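# Fold and geometry: a report
These are the residues of each chain, in order.
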Amino acid sequence: MIFYTLLTAAVIGLSLFVNNHVEAPAYGVSRRQALNGLALFSSFLLLFTVAALRMNVGNDYAKYCEFFHLIRCKLDTPTTVPTEAGFNAVCILIYLLCGRQELYPVMFAFFALVTLLLFYKGMYRLSDCFPLTFFLFMTLGYYFQSFSTVRYYFALSIALFSIRYVIEKQWAKFVLLILFGAFFHKSLLLVLPMYLLSQLSLTWWMYALAGAAFISCPLFSDFYMSVFLKLYPTYEATEYLEGGTSYISILRCAAVFVFSLFFYRKHIKQDRTLNFYFNCNLMGLMIYTCCFFLPVISRIGYYLSITHILFVPALILKIEDAKYRKAVTGLVLLSGLVYFGVFILYKASGPGLSILPYRTFLYHKMVTILSEVSP
């Protein structure tokens, strides 16, 4: 716990030196750009090292080792692997580069590298205030939760990065990027309709129609569940069908929604980017509230609520009164710290996450996987 707290404090401290709105000089590299690069590289290196050196950290670490082992077996004999084709292909390539040795930490390190790169690029290019965005990224647990569900968080980083193309209306790049990411986690396909709808400028009757559609979800849950299972048949007859939602996510989305209402007429309604974030948050709130019966609903909601780390800083900068802006910033910082404290104390070591205690393969033995257990 202390280790994660110190790590978070260190990288947030480094983010304070980053200004992601500096203009590039006509030639060469300015002092500001050099400082940006040094701060970003230092924080990235810290986070990547911790993620890459971990051993049996994350609730599905052993499960992914089993996936890696099955993919390795495909090199010699036909083997069924439940993971997506893109994920399998990358793992096979890494195996071939490593002389077919089952070096599981290399696999985890690679996906930690690309996931962090996409998160960093997405935050740097999209944020109106990088230090505050990065603070929320760390304190809301996105980095630490990436130790589990490796494929999903790689997909989530792609979703964040793809927002740039939605805002700039580069639809071909957006669609191709999402389709590429779906080869690693097919849930990313849900981003296509959700982001495309969220970028629209909706009228009051459209919001009412959307609200009625969401309210119908719990009323006709059996129908919607049957549609979901046709799209994702692998969830049938599994423990994931129990459903369940995140009350913390509902509270967070509701708080952001109420906060954003103060800015809607003057800023959000006329701003394409803010309107997109507003609609994403509202859709996330409705999904968490009305679609609680669907499997792993939090994963769907995260594609929408990830925009909080961009939306909240952008709204704060719209506050004209300096004293009020400082007060709201302080409230957001306090809320982030409280959220992080609860996350570390009560969730991090739980069965759903299992990122505590931190272990590294430098000092701990490899976890036993299912294929190594005698029947």
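Look above for the structure.
The notes below deal with the structure included here. (Residues numbered from 1 in each chain as written. Predicted model: local features only at pLDDT ≥ 70, side-chain atom pairs only at ≥ 80, totals over all residues. Heavy atoms only, no water.)

## Considerations on the overall build of the protein chain
Of regular secondary structure, the protein chain possesses 18 helices and zero strands. Against the globule reference of 21 Å for 375 residues, the protein chain gives a C-alpha radius of gyration of 21 Å, in line with a compact fold. Overall, the protein chain is about 65 × 55 × 40 Å in size when its C-alpha atoms are taken along their principal axes. Sorting the 375 residues of the protein chain into buried and exposed places 50% on the buried side. Pairs at least 24 apart in sequence give 75% of the contacts found in the protein chain among residues at least 6 apart. (Helix = DSSP H or I, 4+ residues; strand = E, 2+ residues; numbered from the N terminus. Rg over C-alpha atoms; globule rule 2.2 N^0.38 Å. Buried < 20%, exposed > 50% of the residue type's maximum accessible area, 1.4 Å probe, protein only. Contact = heavy atoms within 4.5 Å.)

## What to know about the side chain of Gln 145
With respect to the secondary-structure elements, Gln 145 resides in helix H7 (residues 142–145). The class of Gln 145 is buried, set by a relative accessible area of 7%. A distance of 3.3 Å separates the side chain of Gln 145 from the side chain of Tyr 302, its partner in a polar contact. Non-local contacts of Gln 145, meaning those with residues more than four positions away in its chain, are made with Leu 140, Tyr 153, Tyr 302, Phe 343, Lys 347 and Leu 353. (Polar contact = N/O pair within 3.5 Å; in protein donor to acceptor, adjacent residues only side chain to side chain.)

## Let's talk about unusual backbone geometry
Geometrically, the link from Leu 356 to Pro 357 is a cis peptide bond, its omega value of -5 degrees lying close to zero. Within the secondary structure layout, Pro 357 lies in the segment after helix H18 (322–347).

## Here we look at the packing of helix H13 (residues 247–261) against helix H15 (residues 272–290)
A packed helix pair is summarised by two numbers, namely the angle formed by the two axes and the spacing between the axes. The contact between H13 and H15 brings their axes to 9 Å, and the two run at 145 degrees. Classified by chirality, the crossing of H15 by H13 is left-handed. Facing H13, whose interface residues are Ser 249, Ile 250, Cys 253, Ala 254, Val 256, Phe 257, Ser 260 and Leu 261, H15 presents Phe 278, Asn 281, Leu 282, Gly 284, Leu 285, Tyr 288 and Thr 289. A class-by-class count of the residues in the contact of H13 with H15 yields ten nonpolar, five polar and no charged. (Axes fitted to C-alpha atoms, helices over the stretch in contact; angles between N-to-C directions. Left-handed = near helix turned anticlockwise from the far one by under 90°. Nonpolar A, V, L, I, M, F, W, Y, C, P; charged D, E, K, R; others polar.)

## Points about the pattern of salt bridges
Applying the stated rule across the entire model yields three salt bridges. For the salt bridge of Glu 84 with Arg 151, the shortest nitrogen-to-oxygen distance reads 2.9 Å. Here the residue Glu 84 occupies a position in the loop between helix H3 (61–73) and helix H4 (85–97), and Arg 151 occupies one in helix H8 (residues 150–167), the gap between them amounting to 67 residues. Here Arg 151 falls in the buried class, since its relative accessible area comes to 12%. A salt bridge links Glu 168 to Arg 164, with the shortest nitrogen-to-oxygen separation between them at 3.5 Å. Overall, the relative accessible area of 41% leaves Glu 168 in the partly exposed class. (Salt bridge = Lys/Arg side-chain N within 4 Å of Asp/Glu carboxyl O.)

## Some thoughts on the side chain of Ser 146
The residue Ser 146 is located in the loop between H7 and H8 in this model. Once residues lying within four places of it in the same chain are set aside, the contact partners of Ser 146 are Arg 54 and Tyr 153.

## Focus: empty space enclosed by the protein
Summed over all chains, the structure comprises two cavities of 30 Å³ or more. Around the largest cavity, the lining residues are Ala 51, Arg 54, Phe 108, Phe 111, Ala 112, Thr 115, Leu 116, Tyr 143, Ser 146, Phe 147 and Val 150. For the lining of the largest cavity, the leading source of residues is helix H5 (residues 104–126), giving five residues. In the lining of the largest cavity, the residues fall into eight nonpolar, two polar and one charged. (1 Å grid on protein atoms, 1.4 Å probe; cavity = no way out; pocket = protein on both sides within 12 Å on 5 of 7 lines; lining within 4 Å. Points joined across faces, edges and corners; volume = space filled by probe spheres on them.)

## Some remarks on the nonpolar core
With 123 residues, the main nonpolar core has Phe 134, Tyr 143, Phe 144, Tyr 195, Tyr 303 and Ile 309 as its most contacted residues. Among all residues touching Tyr 303, those that are not within four sequence positions of it are Tyr 152, Ala 155, Leu 156, Ala 159, His 185, Ser 187, Leu 188, Val 191, Met 194 and Tyr 195. (Core = buried A, V, L, I, M, F, W, Y, C linked by side-chain atoms within 4.5 Å.)

## What about the packing of aromatic side chains?
In this structure the tally under the stated criterion is 44 aromatic pairs. Seen in terms of ring centroids, Phe 68 and Tyr 104 are 6.3 Å apart; in terms of plane orientation they differ by 25 degrees. Their pairing is stacked. With Phe 68 in helix H3 and Tyr 104 in helix H5, this pair connects stretches of sequence that are 36 residues apart. Of the two residues examined, Phe 68 and Tyr 104, each falls in the buried class. Relative to Tyr 303, the ring of Tyr 152 has its centre 5.3 Å away and its plane inclined at 55 degrees; by these criteria the two rings are tilted. Of this pair, Tyr 152 sits in helix H8 while Tyr 303 sits in helix H16 (residues 297–305), and the two are 151 residues apart along the sequence. Of the two residues examined, Tyr 152 and Tyr 303, each falls in the buried class. Through pairs of rings, three or more aromatic residues link up here, namely Tyr 61, Tyr 64, Phe 67, Phe 68, Phe 87, Tyr 104, Phe 108, Phe 110, Phe 111, Phe 154, Phe 180 and Phe 184. (Phe/Tyr/Trp six-rings, centres within 6.5 Å; stacked < 30°, edge-to-face > 60°.)

## Considering the layout of surface pockets
Approximately 880 Å³ is the volume found for the second largest pocket. Lining the second largest pocket are 29 residues, with Met 194, Leu 197, Phe 214, Met 283 and Ile 287 positioned closest to its centre. Of all the secondary structure elements, the ones that give two or more residues to the lining of the second largest pocket are helix H10 (191–198), helix H11 (204–219), helix H12 (221–231), H15 and H16. Ranked by residues supplied to the lining of the second largest pocket, first place goes to H11 with seven residues. A per-class count over the lining of the second largest pocket returns 26 nonpolar, three polar and no charged.

Function cannot be read off these values alone, since they describe shape.
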